[in-house]
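# Examining the three-dimensional arrangement
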Amino acid sequence: MTLEYDNFFHYSSRLLMAEVLGDVYVEMSKMESANSRFMFTRGLLHKHKMLIPTLDIDIEYDHPIMSTSLRQNGNVLFNAKFYTEAAKIYTKSLTGSNPSTEYYALALANRSAAYFHMGQYELCLKDVRCAMYSNFPSKLAYKLYERAGHAERKLGFVERAKQSYAVCLTRLDEADMSAENKRKFRAAVEIAATECEELLTAERKMTTKTHRVEHLVGGRNENIPALSAFVELKMSEDMGRGVYATRDINPGDVVAIDEPYIGGPIRDVCHYNGCLKLEIAPICCPKCLLVYYCNKDCMDKDYKDGHHLECPIIYFIKSTPGNTRMNELAMKWFLKEYLKMGLKKYCSIVDNFSESKIDPMTRGFDESGQYKSDNFLTAYSLDNRENKMSIDVLFFFNCIAVDMLHYLILSGVKIPNLYMGSVGASLVHILTVLDLNSRKLNINSPSVSFRRDRKLTLTIALTLYPTISLFNHSCDANIKRSGEISDRIRVMKAIQPIPKGTQLCCTYGIMFKGHDKESRQKLCNDRFYFKCYCQPCIKNWPTFNFMHLYALNILNPTMADIVSSECLKFVKFTKSVEPKDHCQHLNYLYSFIKLLYANVKRPFALYEECLEMIYNAHSISTNALTVCEHP
């Protein structure tokens, strides 16, 4: 576990040097209350002077004259068409400069021009947008919008380019230039805008895709609205609570449509929880410069939702040991509910939760018997396996929570001593819920593929989907996310036939095709604290590389000829169809896997290959898909 966290020994090494760490672990292991563990840890870090005294950051800003001089040197290089060198000088002008000043905004704008001429259009856009929301002179704003339009057009964002040109024309009235120069400039921008409109018209004529709305098979579940009506929750001795089919479910059927309770970006994604949209050139918060948004509207909404409290401490949250993005998400979660409920009510709810004995079957359901992903207690009651953590990991999480609460107090948030233990223990709980659940549910989780032509994807955000968290893991998943990797709303579809009474399982990134049994079991135990009881683990199925050793084993002899014939057709199909076109043949893939499921004993190489094609097609088949819940 320790290898998964940054700087795991940050706290314990100090205590080890003080020769008290062993006693700390012994003392903490005796404590039954989460509140007492947190307060014990807080007192310990205070005693050993391990908490920062102030939020002040020792940064000396460059003098405006120095920044201006560097920018002017960059201008000389720019005019000589040494764009790369000019960009470097503009960056020096920005480094250490006060972001609220005009000379900072001018350096950003100038660097954006250098990036444009270098062909670095994404970087150009980022600088342009940051300059737009900084202290940039109004009389020069038209230049930024013109450059934005040119960069967006180069990147293929024609609609956005058209909008940028329109704003450019409105800001032209503020420009300090002669009437003749204005006329020429306006004419050039109007030509560019007209060309954009012509391109958009041509694209509309060529577009033949129809937007499809996804529906939960059977409609909504009566008690769990984000799930299909064809499933139910049941308990099992080996796996605890899980989702089971009440009717036969076919490949392609939608079994869940869920929205995140909380989400936080890692790359170019809007920070606002109600958006989380991919943005090629996000704008940053002008105060902390560490949080990004797709537009000012999302920035304002997130500010009200808690960023105004997060902003003064986000630098320190990012510097805290552990999983940095998870720490940020935990703080975001707490502030969201703190502002919504107020401190007294929040502490009352989390205290009641920690003291109550909850039926594992009804955990997360509200008083009316509903399990809803937007409900605080539904998310808060997700399994966190805190009772199975080793004492060193539990102590580590408590230390992180102490630091986070300390930052809030230093920033001016009033947390009376009466509520200190409750808030701190809740932060530990939130961290452990995210630690167990958000990894498998990030927006773009990389999977281990046995196909060499599949590219691993990059995580763009950490998210928490309480309803999808109900699905247990299998190394042979029968459901998978479908749709664009950046979709905020997540659609889960069946990828194999799921007979009535069968459990619906996704994968936590551990698949039998790419990992042997021993490594799978170790990953399940070390990361998620459970032993896997899926068929590949029970029967020790081989990885894909060794599956060719297993011959075709027909379960129904009367179907032998049909199965053999269809297998030959499938082999020809795999050789003639590119992976990018699998989505156009999903009905064929569904029918073939249903045939094999009913008539062939697994493991069987062609079954796994067909399953991988379906898996792949579900990720690339919905470029024009709009998802929503069943009405």
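Notes on the structure in this doc start here. Because the structure is a prediction, the values reported are computed rather than measured. Numbering of residues starts from 1 in each chain and follows the order in which that chain's sequence is written. Only residues with pLDDT of at least 70 are given local features in this predicted model, and only at 80 or more are side-chain atom pairs given and counted; all residues enter the totals for whole chains, interfaces and linings. Note: side-chain values were computed over all heavy atoms of the structure, leaving out hydrogens and water.

Comment: elements are numbered from the N terminus, with helices defined as DSSP H or I runs of at least four residues and strands as E runs of at least two. Per the secondary structure count, the protein includes 22 helices and 13 strands. C-alpha atoms define the radius of gyration, and 2.2 Å times the number of residues to the power 0.38 defines the globule rule. The C-alpha radius of gyration of the protein comes to 28 Å, within 12% of the 25 Å expected for a compact globule of 631 residues. By principal-axis analysis of the C-alpha atoms, the protein measures approximately 85 × 70 × 45 Å. Exposure categories follow from relative accessible area, calculated using a 1.4 Å probe and restricted to protein chains: below 20% of the type maximum is buried, above 50% is exposed, and the middle band is partly exposed. Looking at the 631 residues of the protein, the share that counts as buried comes to 51%. The contact definition used throughout considers only heavy atoms, calling two residues in contact when any of these lie within 4.5 Å. Across the protein, contacts joining residues at least 24 apart in sequence account for 70% of those joining residues at least 6 apart. Per-residue and other accessible areas were derived by the Shrake-Rupley procedure at a 1.4 Å probe size, with only the shown protein chains allowed to occlude residues. Carbon together with sulfur atoms contributes 52% to the accessible area of the protein, which is approximately 29900 Å² in total. Across the protein, the 78 positively charged side chains and the 70 negatively charged ones have centroids separated by 2 Å. The charged-residue count follows a simple rule in which Lys and Arg add positive charge and Asp and Glu add negative charge, with His and chain termini not counted at all. In plain terms, the charge of a residue is placed at NZ if it is Lys, CZ if Arg, CG if Asp and CD if Glu.

Moving on, we get to the pairing of strand E11 (residues 490–494). Counting buried positions along E11 yields five of five residues, so the element is predominantly enclosed. Relative to E11, strand E4 (residues 254–258) runs antiparallel, the two sharing four bridges. Note that in E11 the partner of Ala256 across the bridge is Met492. Two strands pair when backbone bridges link them, and strand E10 (residues 479–482) and E11 are joined in this way by four bridges, in the antiparallel orientation. Residue pairing across strands places Ile479 opposite Ala494, the latter belonging to E11. Two strands form a pair only when DSSP identifies at least two bridges running between them.

Take the number of residues in a helix, subtract one, and multiply by 1.5 Å to get its expected span. The end-to-end C-alpha distance of helix H5 (residues 83–94) is 16 Å, a good match for the 16 Å that twelve residues give at a rise of 1.5 Å each. Tyr83, Ala86, Ala87, Ile89, Tyr90, Ser93 and Leu94 are the residues of H5 that are buried. Summarising the axial view, the buried residues of H5 lie within an arc of 165°, below the 170-degree limit, and thus occupy one face. Turned more than 90 degrees away from the buried face of H5, the exposed residues are Lys88 and Lys92. For H5, the elements touching its buried residues are helix H4 (64–79) and helix H6 (102–118). When we speak of the arc, we mean the arc of directions from the helix axis to the C-beta atoms.

Note that a disulfide, as used here, is simply two cysteine sulfur atoms within 2.5 Å. All told, the structure shown has zero disulfides when counted by the stated rule. Looking at Cys124, it has no disulfide partner, and the nearest cysteine sulfur is the one in Cys130, 12 Å off.

Axis lines are fitted to C-alpha atoms, over the contacting stretch for helices. Their N-to-C directions set the angle, which ranges from 0 to 180 degrees. In the contact formed by H4 and H6, the axes pass within 10 Å of each other and the chain directions differ by 20°. The angle between H4 and H6 places the two elements in the roughly parallel class. The way H4 lies across H6 gives a crossing that is left-handed. In this structure, H4 uses Pro64, Ser67, Thr68, Arg71, Asn75 and Phe78 to contact H6, whose residues at the interface are Tyr103, Leu106, Ala107, Asn110, Ala113, Ala114 and His117. Roughly parallel means an angle under 35 degrees; roughly antiparallel means over 145; roughly perpendicular covers 65 to 115; every other angle is labelled oblique. Crossings are assigned a handedness: left-handed for a near helix turned anticlockwise from the far helix by less than a right angle, right-handed for a clockwise turn.

Take a side-chain nitrogen of Lys or Arg and a carboxyl oxygen of Asp or Glu: if they are within 4 Å of each other, that pair is a salt bridge. Evaluation of the coordinates by the stated rule reveals 21 salt bridges. Residue Glu195 is joined to Arg153 by a salt bridge in which the shortest nitrogen-to-oxygen separation is 2.8 Å. Residue Glu195 is found in helix H10 (residues 179–206), and its partner Arg153 is found in helix H8 (residues 141–154); the two are separated by 42 residues along the sequence. Judged by relative accessible area, Glu195 falls into the partly exposed class, the value being 31%. Relative accessible area serves as the criterion here: at 29%, Arg153 is assigned to the partly exposed category. Close ionic contact of Arg171 with Glu174 constitutes a salt bridge, the shortest N to O distance being 2.5 Å. The network of salt bridges with common partners includes Lys318, Arg325 and Glu328.

As a rule of thumb, soluble globular proteins bury nonpolar side chains together. For our purposes a nonpolar core is just a set of buried Ala, Val, Leu, Ile, Met, Phe, Trp, Tyr and Cys residues, chained together by side-chain atoms within 4.5 Å. Core analysis: the biggest nonpolar cluster contains 101 residues, and Trp333, Phe334 and Phe471 have the highest contact counts within it. The element that contributes the greatest number of residues to this core is helix H16 (residues 391–410), accounting for 13 residues. Apart from the residues lying within four places of it in its own chain, the contact partners of Phe471 are Leu227, Val243, Val255, Ala256, Ile479, Leu504, Cys506 and Tyr508. In terms of nonpolar packing, the next biggest core, distinct from the first, is built from 29 residues, Phe116, Cys124, Phe136 and Ala148 among them.

The three strands are arranged E4-E11-E10 in an open sheet whose pairing can be described as antiparallel. Looking at strand neighbours, the two that pair on one side only are E4 and E10, the edges of this open sheet. Sheet twist, expressed as the average angle between the axes of neighbouring strands with direction ignored, equals 25°.

For Asn181, the position within the fold is in helix H10. Judged by relative accessible area, Asn181 falls into the partly exposed class, the value being 41%. Distance in space between the C-alpha atoms of Asn181 and Pro53 is 57 Å, their sequence separation being 128 residues.

Shape descriptors only; they carry no functional weight alone.
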